[in-house]
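# Breakdown of the fold
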Amino acid sequence: MQLVAKSELQRVMTPNGLMGIIRRAGVAAQLSLFLFSLAVGAAAQDNAGTTPPQLRGVGIDQRLNNQVPLDLKFRDETGQIVTLSSYFGKKPVILSLVYYSCPMLCTMAENGLLNALREVKFNIGEQYQVVTVSIDPTETPEMALGKKAVYVGLYGRPGAKQGWHFLVGDERSIRALAQAVGFHYNYIPETKQFAHAT
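Residues numbered from 1 in each chain as written. Predicted model: local features only at pLDDT ≥ 70, side-chain atom pairs only at ≥ 80, totals over all residues. Heavy atoms only, no water.

For the rest of this paragraph, the subject is the overall build of the protein. Across its full length, the protein holds six helices and eight strands. Along the protein, from the amino end to the carboxyl end, the secondary structure elements read α-α-β-β-β-β-α-β-α-α-β-α-β-β. Here the protein holds 198 residues, and the buried ones make up 32% of them. A sequence separation of at least 24 residues applies to 73% of the contacts in the protein between residues at least 6 apart. (Helix = DSSP H or I, 4+ residues; strand = E, 2+ residues; numbered from the N terminus. Buried < 20%, exposed > 50% of the residue type's maximum accessible area, 1.4 Å probe, protein only. Contact = heavy atoms within 4.5 Å.)

In any sheet, the strands associate via hydrogen bonds between backbone groups, in a parallel or an antiparallel arrangement. With respect to topology, three strands assemble into an open sheet ordered S1-S7-S8, the strand pairing being antiparallel. Both outer strands of the open sheet, strand S1 (59-60) and strand S8 (193-196), are each paired with one neighbouring strand and no more. Relative to strand S7 (residues 183-188), S1 runs antiparallel, the two being bridged by two bridges. Note on S7: the bridge partner recorded for Ile60 is Phe183. (Pairing = 2+ DSSP bridges.)

Now for empty space enclosed by the protein. The final tally for this structure, using the stated rule, is one cavity of 30 Å³ or more. Estimated volume of the largest cavity: approximately 60 Å³. In terms of lining, the largest cavity is formed by Val98, Tyr99, Tyr100, Cys106, Thr107, Glu110, Thr132, Lys147, Tyr151 and Phe166. Only helix H3 (105-119) and helix H4 (141-155) provide two or more residues apiece to the lining of the largest cavity. The element contributing the most residues to the lining of the largest cavity is H3, with three residues. (1 Å grid on protein atoms, 1.4 Å probe; cavity = no way out; pocket = protein on both sides within 12 Å on 5 of 7 lines; lining within 4 Å. Points joined across faces, edges and corners; volume = space filled by probe spheres on them.)

As a further point, take unusual backbone geometry. Its identity is not glycine, yet Asn65 carries a phi of approximately 70°, on the positive side. A positive phi angle is found at Lys192, which is not glycine, with a value near 55°. For Lys192, the position within the fold is in the loop between S7 and S8. Among the residues examined, Lys192 registers a relative accessible area of 64% and is labelled exposed.

What follows concerns the sheet that holds strand S5 (residues 129-134). Spatial strand order, S4-S5-S6: three strands in an open sheet with parallel pairing. Looking along the sheet, the strands with just one partner apiece sit at the ends: strand S4 (93-98) and strand S6 (164-167). Between one strand axis and the next, the sheet turns through 15° on average, direction left out of account. Examined bridge by bridge, S4 and S5 share six bridges and lie parallel to one another. Considered in S5, the bridge of Leu95 is made with Val131. Contacting S4, S5 and S6, H3 runs over the sheet at an angle of about 160° to S4. (Axes fitted to C-alpha atoms, helices over the stretch in contact; angles between N-to-C directions.)

Let us look at the confidence of the model for the protein. In regions of low pLDDT, the predicted coordinates are not meant to be interpreted in detail. Of all residues in the protein, 75% have pLDDT values of 70 or greater, and the mean over the chain is 79. Considering only residues more than four positions removed or in separate chains, one finds that residues 1-14, a stretch of pLDDT under 50, has seven contacts. Overall, residues 18-47 carries pLDDT values under 50, and its contacts beyond four positions in sequence, including any with other chains, amount to nine contacts. (pLDDT = per-residue confidence, 0-100.)

This part takes up the pattern of salt bridges. All told, the structure shown has two salt bridges when counted by the stated rule. Here Lys148 makes a salt bridge to Glu77, at a shortest N to O gap of 2.8 Å. One end of the pair, Lys148, is in helix H4; the other, Glu77, is in the loop between strand S2 (73-75) and strand S3 (81-83), and 71 residues separate them in sequence. Here Arg175 ties to Glu171 by a salt bridge, and the two come within 2.9 Å at their closest N and O atoms. Of the two residues, Arg175 and Glu171 both sit in helix H6 (residues 171-181), four residues apart, roughly one turn of that helix. Judged by its relative accessible area of 36%, Arg175 falls in the partly exposed class. (Salt bridge = Lys/Arg side-chain N within 4 Å of Asp/Glu carboxyl O.)

Shown next as structure tokens:
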């Protein structure tokens, strides 16, 4: 154990001593952090007007109390032509807009939906329905059937097969539905993918 003389302790505690150095280092660190945050903020301001063209207009708007156009026609997972009115009006409906060949966000969103639905006591098909619609007009009922098999299987409750619907459609119907619910997306021809929010 080392004893420190009182005079040595007083020297350390002076503004020019160790404590003064630590205090000045702390102030310098705070000032550096403040200046860094100003620089980041300025860079963000500079970049705010340079949104990549593929992402312009992409987002989700809340459209509370908007009516979904129930006369829009789609094809279900069996290839049958259906209107949205087939699903709306009888029970509550959860609507999800994705595309079945999406390499990232759509699968994550559907997995998140699946996990949330597993936590709910109510059962798909009994108390409510789920309608998943592809935003890609090139996707087929066979692709929808494949996704349905995966998600209904993972959900694992009776009645889900009759209550979780996977639809595909033409550009006009998809755009009309997306516009009605405030779902804005862009197709990127270079990557053959859709830029969309989740």
